[in-house]
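A closer look at the structure
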Amino acid sequence: MSPAPSESALAAQDVLDHARHRPDDPFDDLDLLDEVDHDEFAGHVVELMESLAPTEPEVVRAVWGVVASFVASLEPDAGAFLDGGGRVVLAHVEAGAERWDLALDLLDEAVAVEPGLAELVAADRDRVLAARAWAEGDLAAAATHCAEAVARQEEAGAWGAAGEAAAQAAAVAQARDDPEGALAWWRRAADHFRQAGASGPALECAGNGALVALRTMRALPDRDSARALGLAEQGRSLAADHGCERAAAELACSVGVFGADAGRPWSDCVAAFEEARRRYAADTTLVGADRDLAPAWVDFSAGNAAMLRSLPAEAEPFLRRALDGYTRHGRTADAQRCIRLLQGVVGFVAGGSGLAERIPVTTDDPEHEAVVLLAGAISAADGGRYDEAIELLGGARERALVAGSPVRAAMVDLVDAVHRLRRGEIDVARRRLADVDRLVDAGLDLPTTFRDGLDVLRLLLRGALASHDGEPQVLLEALATVEARSLAAGAGTRAAFAATERASVLARLGRHREALDAVLPAVLALDAYRFTLDDADRRRRWSRTVATAFGVAFRAAAACGATAVIAELIEVARGNGAPIPHTEEAGTFESLVAEAGRSLLSEEDTPEGRDADLAPLDGALSVADGARRTVLGVPPRLLTPWGTVALEAALDEAEGYHRPLRNDEVRAWRIT
């Protein structure tokens, strides 16, 4: 139960009622003033005027007119406070009406009447000057005055007023097209309102800041990942600190997306995506299908980002989860995007589990069709089926041109050039590379999301063509560059393939010791990768790919006379299933191209939430596609009869490509 209002508060309410109903008459109940505390009464009147200023400026003017008729009857200190404070509030009203000079005069008069208001009035003067400068188009001056107002209010500990001044500064920063500055000011405004106990304005300011971050990120030209990441982190922190859960979730997802694009460690990106999922799960305002679709969007974003980083094993669980959410709610277009990316995952075959039949390729989206065909071509070439790959690439190029997408067409041309080169069609490969180089040099609008894959393929092509022309050192340098870049981006599998192919070139040049040093860590990392694959068939297919790398290692060891290495390699390699022989076995160069090409299957943008007018598919495809049935743990390290851990130094070095590589457990190698 609220306490009864004091006599002073009731007297202030009488003044307000008089102003509302008889604004032109002087206040005639002066006897009432003899019965109240004048200081309290003056404070209540000023508070009433402040509360009415934003919504009822005419009533404020009327109250001031009534006050003028009796202020001289108050005790001197109370009268000075009411006279000065009333003029300050009236100045706010006049500034709101853009009567700048009148507002400034009222502030000067307030200080003359009550010198104790000087600090408060100085800050208010700055805010009026800022508003006038903004109205006159001088945003730089407006920003300066706002900053001075905030500093004065902070120094005085007037947190509510400081929050209002900071919010004004944020609005000026937005008008100056300075989103980072606006975010910083919205942060200060929200924090100051919270210090003042004003949770509503604090939440509103935090929401405004989050909106600035989201809108700016979406409008950034040329996919400026570093700047977008900074905005996302600022916005996420602000939204999270002030309870804007949905905005914090979306911005956390953006931190993951742009962090991946900017080269952040993948573990940091995963943490951001998982934070986004947690925040969506905690958001009680999400109901119905949105409770599934919001985390599905996060999972798709994470899977897409992982594919951009050439981390297909890391992408798969996110994409499967997203696929499950989209299919259960009939979001066929988004489910197709998941399938398209899953087609780029090592060993994943959409048709093998009925997915291709249940989610058909759309016929009204030629760019989507181009990417599906490109995925098929990459998989075919990775398996040594070059004729099939060339045919699929021709279809992909035609669909990309129909879609009016020169970027997609350039991707197709580069992959096609690699396979033409491997078939001995050197002139065709040169033309394809030259065509793409001309497009890039002419300023092809190349999204950041595709730049890495295209750059890698161009490097490999130049190196391979130079090697064909008798300059193998150019190819070695290209492979070393690809390996270093891939490791920096967290794409360990691609880096391992680059190291293996570099070892192949070194071996052909007779540099067998260098070849062995390069290939051992790489082949062990590639071997360890198969333990992340979720069924025996996929591991069998991966073993076929890795068999080529083991072959390079064995030949290099034999050429060096490293018999102990050969023995240890045999013991490590015999855990692999024996691959079925193929007449056109894919080499590590094809696997390297496939790894680079998979990043080209990713989305330039993650799908927006949209209402798909489509019937739901039959059940969740994660069930039809099979859960992870036979995931294996990594094997132990082996203790050799001569007292060492088999390939220990290479195992340690290989952890730079892939983790986990081997179990910490060490088992004795028993000869039977």
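Quick look at the overall build of the protein now. Scanning the protein for helices and strands turns up 31 helices and two strands. For the protein, the proportion of its 672 residues judged to be buried stands at 52%. Within the protein, contacts between residues separated by at least 24 positions form 69% of all contacts whose residues are at least 6 apart in sequence. Surface accessibility of the protein: about 28,800 Å² in total, with carbon and sulfur atoms responsible for 51%.

Phi at Glu98 takes a positive value of approximately 60 degrees, unusual for a residue other than glycine. With respect to the secondary-structure elements, Glu98 resides in the loop between α5 (76-96) and α6 (100-113). By relative accessible area, which is 53% here, Glu98 ends up exposed.

On to the packing of helix α4 (residues 57-68) against α5, then. The description of two helices packed together rests on the angle between their axes and the distance between the axes. Where α4 contacts α5, the axes come no closer than 10 Å and their chain directions differ by 155 degrees. Considered as vectors, α4 and α5 are oriented roughly antiparallel to each other. In the crossing of α4 with α5, the sense of the turn from one axis to the other is left-handed. For the pair α4 and α5, the contacting residues are Pro57, Val60, Arg61, Trp64 and Val67 in the first and Leu82, Asp83, Gly86, Arg87, Val89, Leu90, Val93 and Glu94 in the second. The class makeup of the residues in the contact of α4 with α5 is eight nonpolar, one polar and four charged.

Below, the discussion takes up the nonpolar core. Core analysis: the biggest nonpolar cluster contains 47 residues, and Leu516, Leu524, Val565 and Leu647 have the highest contact counts within it. Counting residues per element, the ones that place at least two in this core are α23 (448-468), α24 (472-489), α25 (492-508), α26 (512-529), α27 (536-560), α28 (563-573) and α31 (648-654). The greatest single-element share of this core, amounting to 11 residues, is contributed by α26. Core analysis: the second largest hydrophobic core is formed by 44 residues, Val36, Leu74, Ala91 and Trp100 among them.

A rise of 1.5 Å per residue sets the reference length of helix α7 (residues 118-135), with its 18 residues, at 26 Å; its end C-alpha atoms lie 25 Å apart and thus fit the reference within 8%. Turning to α7, its buried residues number three or more, namely Val121, Ala123, Asp124, Asp126, Val128, Leu129, Ala130 and Ala133. Buried residues belonging to α7 abut α5, α6, α8 (139-156) and α9 (159-175).

Attention shifts here to the packing of aromatic side chains. Within this structure, the stated rule accounts for three aromatic pairs. Here Phe41 and Phe70 contribute two aromatic rings whose centre-to-centre distance is 5.9 Å and whose plane-to-plane angle is 45 degrees, an arrangement assigned as tilted. With Phe41 in helix α3 (residues 38-52) and Phe70 in the loop between α4 and α5, this residue pair connects regions lying 29 residues apart in the sequence. In this structure, Phe41 and Phe70 share a single accessibility class: buried. When the ring of Trp266 is compared with that of Phe273, the centres are 6.3 Å apart and the planes differ by 55 degrees; the resulting orientation is tilted. According to the relative accessible area criterion, Phe273 is buried, its value standing at 0%. An aromatic cluster is present here, built from Trp266, Phe273 and Phe318 joined pairwise through their rings.

Time to look at the packing of α9 against helix α10 (residues 179-195). Running from N to C, α9 and α10 cross one another at 165 degrees; their axes reach a closest spacing of 8 Å. Overall, the two elements α9 and α10 adopt an arrangement that is roughly antiparallel. By crossing handedness, the relation of α9 to α10 is classed as left-handed. Two secondary-structure elements touch here, α9 through Trp159, Gly160, Ala162, Gly163, Glu164, Ala166, Ala167, Ala169, Ala170, Ala171, Ala173 and Gln174 and α10 through Gly181, Ala182, Trp185, Trp186, Arg188, Ala189, His192, Phe193 and Gln195.

In this model helix α22 (residues 426-441) runs 22 Å from its N-terminal to its C-terminal C-alpha over 16 residues, within 8% of the 22 Å that 1.5 Å per residue would give. Two residues or fewer after α22 comes Gly443, characterised by a positive phi angle close to 95 degrees.

Attention now moves to the side chain of Arg279. In this structure, Arg279 sits in helix α14 (residues 266-282). Only 3.2 Å separates the side chain of Arg279 from the side chain of Glu245, close enough to count as a polar contact. Setting aside its immediate chain neighbours within four residues, Arg279 contacts Ala240, Glu245, Ala248 and Ala249.

We now examine the pattern of salt bridges. For the coordinates displayed, the defined rule picks out 41 salt bridges. Among the salt bridges present, the one from Glu58 reaches Arg61, with a minimum N-O distance of 2.6 Å. Pair noted here: Glu58 and Arg61 are both in helix α4, with a separation of three residues, about one helical turn. Salt-bridge contacts for Arg420 lead to Asp416; the nearest nitrogen and oxygen are separated by 3.3 Å. With Arg420 and Asp416 both in helix α21 (residues 406-422) and four residues apart, this pair spans about one turn of that helix.

Further remarks concern the environment of Leu444. Counting through the fold element by element, Leu444 comes out in the loop between α22 and α23. Exposure remark for Leu444: the relative accessible area of 18% places this residue in the buried category. Along the chain, Leu444 and Val407 lie 37 residues apart, while their C-alpha atoms are 7.5 Å from each other. Ignoring any residue separated from it by four or fewer positions in sequence, one finds Leu444 in contact with Pro406, Val407, Ala410 and Leu439.

What follows deals with the confidence of the model for the protein. For the protein, per-residue confidence averages 79 on the pLDDT scale, and residues scoring 70 or more make up 82% of the total. Note that pLDDT drops below 50 for residues 347-363; the model gives that stretch 44 contacts with residues more than four away or on any other chain. With pLDDT under 50 throughout, residues 577-586 is counted as low confidence; its partners more than four residues away or in other chains account for 18 contacts.

Moving on to the environment of Ala91. For Ala91, the location among the structural elements is in helix α5. Separated by 12 residues in sequence, Ala91 and Ala103 have C-alpha atoms that sit 4.2 Å apart. Setting aside residues no more than four positions away along its own chain, Ala91 makes contact with Ala103, Leu106 and Leu107.

A separate point is the environment of Gly256. Mapped onto the fold, Gly256 is located in helix α13 (residues 245-261). Residues Gly256 and Trp266 lie 10 residues apart in sequence; the distance between their C-alpha atoms is 8.7 Å. Not counting chain neighbours up to four residues away, the residues in contact with Gly256 comprise Cys269, Ala272 and Phe273.

Conventions used here
Residues numbered from 1 in each chain as written. Predicted model: local features only at pLDDT ≥ 70, side-chain atom pairs only at ≥ 80, totals over all residues. Heavy atoms only, no water. Helix = DSSP H or I, 4+ residues; strand = E, 2+ residues; numbered from the N terminus. Buried < 20%, exposed > 50% of the residue type's maximum accessible area, 1.4 Å probe, protein only. Contact = heavy atoms within 4.5 Å. Areas by Shrake-Rupley, 256 points an atom, 1.4 Å probe, with all protein chains shown as cover. Axes fitted to C-alpha atoms, helices over the stretch in contact; angles between N-to-C directions. Parallel < 35°, antiparallel > 145°, perpendicular 65-115°, else oblique. Left-handed = near helix turned anticlockwise from the far one by under 90°. Nonpolar A, V, L, I, M, F, W, Y, C, P; charged D, E, K, R; others polar. Core = buried A, V, L, I, M, F, W, Y, C linked by side-chain atoms within 4.5 Å. Expected span 1.5 Å × (residues − 1). Phe/Tyr/Trp six-rings, centres within 6.5 Å; stacked < 30°, edge-to-face > 60°. Polar contact = N/O pair within 3.5 Å; in protein donor to acceptor, adjacent residues only side chain to side chain. Salt bridge = Lys/Arg side-chain N within 4 Å of Asp/Glu carboxyl O. pLDDT = per-residue confidence, 0-100.

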